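# Per-entry structural report
Each chain, written out:
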Amino acid sequence: MINELNVFDRTNPYSASRANRLAVIAQEMNGVLEGSRDLRNDARATSVLQHLSPLVSVDCLVLRGEQVLLVQKKGTDRWVMPGGLMEMGESLAAAGRREVAEEAGLDVVVHGIVGMFDSTLLETGEGVHILDVTLSATAAGGTPSPGEETQRAAWWRLDCLPVLEPPHEQRLRTSLDNRESPLLTPWIGA
């Protein structure tokens, strides 16, 4: 039925890909409606249904002098900048503040964008298309403490960093290079 609507330009690769994804989703939904598919036990189908477009993820480069705030997610021994997926209706700055509070127990002041990364160009292994926006921020005070998704949260000296998740190595390095001249904040809801 999606193909019969003729609303997608099949000569445009992006439009054709989107039409194909919508056709797969329509088949998945038809299976749900007919009772032959139970999405509660099918993580792949749920993921396809929830993510029709690239996802937006926000990381925060939280600095305190020559230290950076990093978190260790549960189930891994590597470290990352605090961050995660934006929620519908949330500004970039609000997403950054929420993620740092959830993962490291700190309130932060967001200053601007210091990095943008496309998962199709980095080896993330996540299996979905994610646009990651890294924000610069400073802590409003307090001591880092892990949240529900993290097992550790700590300040690390920039000259003595722990082992980072592979995409975070490049994100951190690039974001540190850009920290002195972040993109302005009026457009991110800071």
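In this report, the structure presented in the accompanying data block is examined. All values reported here derive from a predicted model rather than from experimental measurement.

## Section: the pattern of salt bridges
In the structure shown here, the tally under the stated rule is eight salt bridges. A salt bridge links Arg171 to Asp59; the nearest nitrogen and oxygen atoms lie 3.1 Å apart. Here Arg171, found in helix α5 (residues 166–178), pairs with Asp59, found in strand β1 (residues 55–64); they are 112 residues apart in sequence, far enough to count as distant. Put simply, Arg98 and Glu102 hold a salt bridge, and the shortest N to O gap is 3.4 Å. Taken together, the residues span about one helical turn, with Arg98 and Glu102 both in helix α4 (residues 92–104) at a distance of four residues. On the accessibility criterion, Glu102 (35% relative accessible area) is partly exposed. Through salt bridges that share partners, Glu87, Glu90, Arg98, Glu99 and Glu102 make up one connected network.

## Details of the pairing of β1
Burial analysis of β1 places eight of its 10 residues in the buried class, the great majority of the element. Pairing geometry for β1 and strand β5 (residues 130–139), over nine bridges, is parallel. Within β5, the residue paired with Ser57 across the bridge is Asp132. Sheet topology places β1 next to strand β3 (residues 83–85); three bridges connect them, and they run antiparallel. Opposite Ser57, over in β3, you have Leu85 as the bridge partner. Pairing analysis gives two bridges linking β1 to strand β2 (residues 67–73), with the strands arranged antiparallel. Opposite Arg64, over in β2, you have Gln67 as the bridge partner. Here β1 folds back onto β2, and the loop between the two strands holds two residues, one of which, Gly65, carries a positive phi near 60°.

Conventions used here
- Residues numbered from 1 in each chain as written.
- Predicted model: local features only at pLDDT ≥ 70, side-chain atom pairs only at ≥ 80, totals over all residues.
- Heavy atoms only, no water.
- Salt bridge = Lys/Arg side-chain N within 4 Å of Asp/Glu carboxyl O.
- Helix = DSSP H or I, 4+ residues; strand = E, 2+ residues; numbered from the N terminus.
- Buried < 20%, exposed > 50% of the residue type's maximum accessible area, 1.4 Å probe, protein only.
- Pairing = 2+ DSSP bridges.

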